[in-house]
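# Structural characterization, general
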Amino acid sequence: MSHTASTHRVNVSVPPDSVLEVGGLNNQQVAERQIAGLVNTQNNATSRSTATIIRSHLFTMFNLVLGLCGLAVILVGSWLDTLFLLAAIANVVIGFTQEFSAKRQLDRIALLRRDPATALRDGKLVPVGLDELVLDDVVLLKRGDQVPADAVVLTSDGLDLDESLLTGENDPVGKQPGDGVLSASSVIGGSGRVRLTAVGAASRAAKITAEARQFTTIHSELRTGMERVVTWITWALVPIIAIVLNGQMQAAGGWQLALDSGAWRDALITSVSSVAAMIPQGLALMTTISFAVASVKLARTEVLIQEQPAVEMLARVDTVCFDKTGTLTEGGVAFNSVLPLDLSPGEDVGTRLTAEGQSISVPGTVTGWQGALAWFGADENANPTAAALHPAFGEVPALAATGTLPFSSALRFSAVEFTGTGAWVLGAPEALLPVEHPARQTAEHLATSGLRTMVLAHAPALAREEGKVSPVLPSQLTPQLFVTFREQVRAEAPATLAYFREQGIDLKVFSGDNPRTVAAAARLAGMDVTSGAVDASALPETGEKLAQAAINNSVFGRVSPEQKKNMVLALKSQGRTVAMTGDGINDALALKYADLGIAMGNAAPATKAVSRLILLDGRFDRLPGVLAEGRKIIANIERVTNLFLTKTTFAILLGITLGLLCWNFPFLPRQYSTADLLIVGGPAFLLTMLPNTRHYVSGFLQRALHFALPAALVITCVLVFVNGYGRTQGESTMHLQTATFSALALMGIYNISTVLRPFKLVGLAIVGGMYAGLILVLLLPPSLWYHQFSMPQGTYLLATLASAVLGCFLLEVNLRLHRAWLRAKHPEAVEAADKAQIH
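Residues numbered from 1 in each chain as written. Predicted model: local features only at pLDDT ≥ 70, side-chain atom pairs only at ≥ 80, totals over all residues. Heavy atoms only, no water.

## Regarding the confidence of the model for the protein chain
Under the convention used in this document: Values of pLDDT, ranging from 0 to 100, describe the predictor's confidence in every residue of the model. Only DSSP runs of H or I reaching four residues or more are called helices, and only runs of E reaching two or more are called strands; each is numbered from the N terminus. Whether two residues are in contact is decided by their heavy atoms, any of which lying within 4.5 Å being enough.
In the predicted model, the protein chain carries a mean pLDDT of 81, and the fraction of residues at 70 or more is 87%. Here helix α31 (residues 827–838) stands out as the least confident element of the protein chain, with mean pLDDT 59; helix α27 (residues 733–754) is the most confident, with 95. Below a pLDDT of 50 lies the segment residues 1–9, which in the model reaches 17 contacts outside its immediate sequence neighbourhood of four places, other chains included. Predicted confidence is poor over residues 345–367, with pLDDT under 50, and the contacts of this stretch with residues over four places away or in other chains come to 38 contacts.

Here it is in structure tokens:
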């Protein structure tokens, strides 16, 4: 059997299969392949690298602008004015710490390594590490082994594979000499020898995961909105900085005088203060803290967040796609019932379980068919279906078996023989029921209902040839009973799917398994499958026909990995926000291209690597908790965004206005940092932690800007008046700065109250606490020294307070106008807020 060009890229000697089957590769042939790089080296990375995580948090436009501002302040030696950098540093540290912690936890899970393979080399069977196998190695596969690379079967002794990780097909697949086998398949019965035909990155599993491992950042509306604002500001900063810096230099006496006298240093610091105030660093920090707190909280419930915005994303999802095997179901089957062959619809079968086999007894043991089923369930070589009998039939006959026949996909049955009781055969209806047998129709009906159906038959003895049990059906075989099995749907799945439906979320099942089995599992999980499951093997891999099927139907079987990916992309092209859950390598591409990939705890490493969220214990009922956390974050961040954008906008307006007027900027960086803490930073931190059940409504940035722009204009006008009036009164710089700080804080704290309506006790406590903080800042001597404050007196103080009160009144007017606009333009946002208040 020759190799393809894509497999052999260098010239190595290839012994015939007949030679390999006898002795395998010799040391020289192994060395040739190692030198040629034809080794089964795997990329077992399970998550993003540390460098990638650092880059995603450190190298942002936001950090670049603040970093340059901080560098300018440091170069002039004013270290006390670098406080504004703390928000940027905290944002990077918190975000990196949370995601690096998730990476370490996932990497620890992946440290469990598979046992070495058994390879035939120089005529001997020797253990070889999976990463040390080479092309053309002959590997012995036995029950419990995992296929280490793509291969072709040389010999088969009832070799059965579970290929569900790659195909989603839950039924075992029998393999004969000449058949291909895929890496990551598991041996569930029999044994055989295979020759490796594609190793390392050339295997099918590796090709699927190679595309999946290409990292792309998750789409976050919160982060996208903030990045958009920062981008707008960044483009505007060049002319704004020029205006602000020129205004401060002119206020210092002109460029020449400022450069000669050294006054340029103070002008530079106040310019930096103005520019730094324009960047909503606190909003980024609050978002990061919210994500991090949610991630820690969810980690306690066995939910691992690999990338922070995954929490937000689940709150935005409107379509959830499930794999079946290992996701919607637990994998494998459970015993369902024993039924008579002459079963008719509606019949009470409770009194019919006295088949002829019941009369065949062994003194002192469990008798008849119960004993036979108990033996099949307890057999150490039982396949997963037979092993499911053990919990229901625990009393195994004491007599030793005089003959056995292991199950294989080729035979489609297994058998056991006891002295004095004859032989019992357990197998597929197609194998044990003659074509004309009337129970064939009943077997079809049971299978259509989603039950895996087997037949238990009795014979006087097993067939033998030369004293050995022969792998053929025994003569005088008499079918006795149906034995049915069902998918083990996760216990929490029905309630979780019902919750998603109540939330208006569309549900879809994409499985590689038999459509009838998929439909039965979906029905048990509570989905509407009246129209059955679509057989995706009749659909193209891509194109409009596949897309329309994905949009118009809910349950699919025989779905290939490429189809899963393209169906997810089709749903996204319709404007849907799609989550995909899965555990197999066949799910990896769909998880990667979904808006949110969710992996089960027992998922393949590649599947975990591309997911954003991992259910470590595999429990679906964790997802409603994640959704609730995401909703709380989005709703609360929208409230604090109103505050931060107000601050950013008035900082820009104030900087430009004062720059054009050539007036001194009325804040030192340290003063503005404290004002920022009182009017935004402190309350925002508390606001993001408050409960909030409001449903997600898109377009938060537009709503926030509608609120923020008028509010910022009000605050800017008041601050310009306070400065202008002070200048006409000949007030000192310290008086101007203190008065401006006081007016800003009074209006900013009142603005907090506008996002806390209707008031609750915690809201009143937040506003009261901020006003108390303002009083302490303006009265405590250490604070006066640090901030360089000096309270104005007389008329100037009264004018400052009166203008601040007027500003608060106008902020209240803005709130009422904003709510009226919301009711007219965004009624869904008002409705969602009202429902949250009710709940």
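So much for the structure itself; the text now carries on.
## Examining the pattern of salt bridges
Opposite charge on two side chains lets them pair, provided their charged atoms get close. The following threshold applies: Throughout this description, the term salt bridge denotes a Lys or Arg side-chain nitrogen within 4 Å of a carboxyl oxygen of Asp or Glu. Categorising residues by exposure relies on relative accessible area from a 1.4 Å probe, with only protein chains included: less than 20% of the type maximum marks a residue as buried, more than 50% marks it as exposed, and the intermediate range marks it as partly exposed.
Going through the model one piece at a time under the given rule, you end up with 23 salt bridges. The salt bridge involving R33 is made with E32; its shortest N-O contact spans 4.0 Å. Take R33: its relative accessible area is 0%, and that puts it in the buried class. Residue classification places E32 among the partly exposed residues on the basis of a relative accessible area of 26%. D617 is paired through a salt bridge with R622; the nearest N and O atoms lie 2.7 Å apart. Given a relative accessible area of 30%, D617 falls into the partly exposed group. Shared partners join several salt bridges into a network, and the residues in it are E32, R33, D136 and R195.

## A word on the sheet that holds strand β19 (residues 534–535)
Formally: We treat two strands as partners when DSSP finds at least two bridges between them.
Pairing is mixed across the open sheet formed by 8 strands, whose spatial order is β8-β23-β22-β21-β9-β18-β20-β19. One side of each edge strand has no neighbouring strand; the edge strands of this open sheet are β8 (303–305) and β19. Where β19 meets strand β20 (residues 555–557), 2 bridges bridge the pair, whose relative direction is parallel. Within β20, the residue paired with D535 across the bridge is G557.

## With respect to the packing of aromatic side chains
Quick reminder of the rule: By convention, a stacked pair of Phe, Tyr or Trp rings (six-membered ring in the case of Trp) has centres within 6.5 Å and planes under 30 degrees apart, an edge-to-face pair has planes over 60 apart, and any other such pair is tilted. Any Lys NZ or Arg CZ found within 6 Å of a ring centre and within 35 degrees of that ring's normal is scored as a charge over the ring.
Counted by the stated rule, this structure contains 12 aromatic pairs. Each ring, one from F335 and one from F485, has its centre 6.3 Å from the other, and the planes form 80 degrees; the classification is edge-to-face. You can see F335 sitting in strand β10 (residues 329–340) and its partner F485 sitting in strand β17 (residues 478–489), a full 150 residues away along the chain. Look at F335 and you get buried, because its relative accessible area is 19%. Lying over the aromatic face of Y593, K592 brings its terminal NZ or CZ to 5.7 Å of the ring centre. If you follow R670 out to its NZ or CZ, it ends over the ring of Y786, 5.7 Å from the centre.

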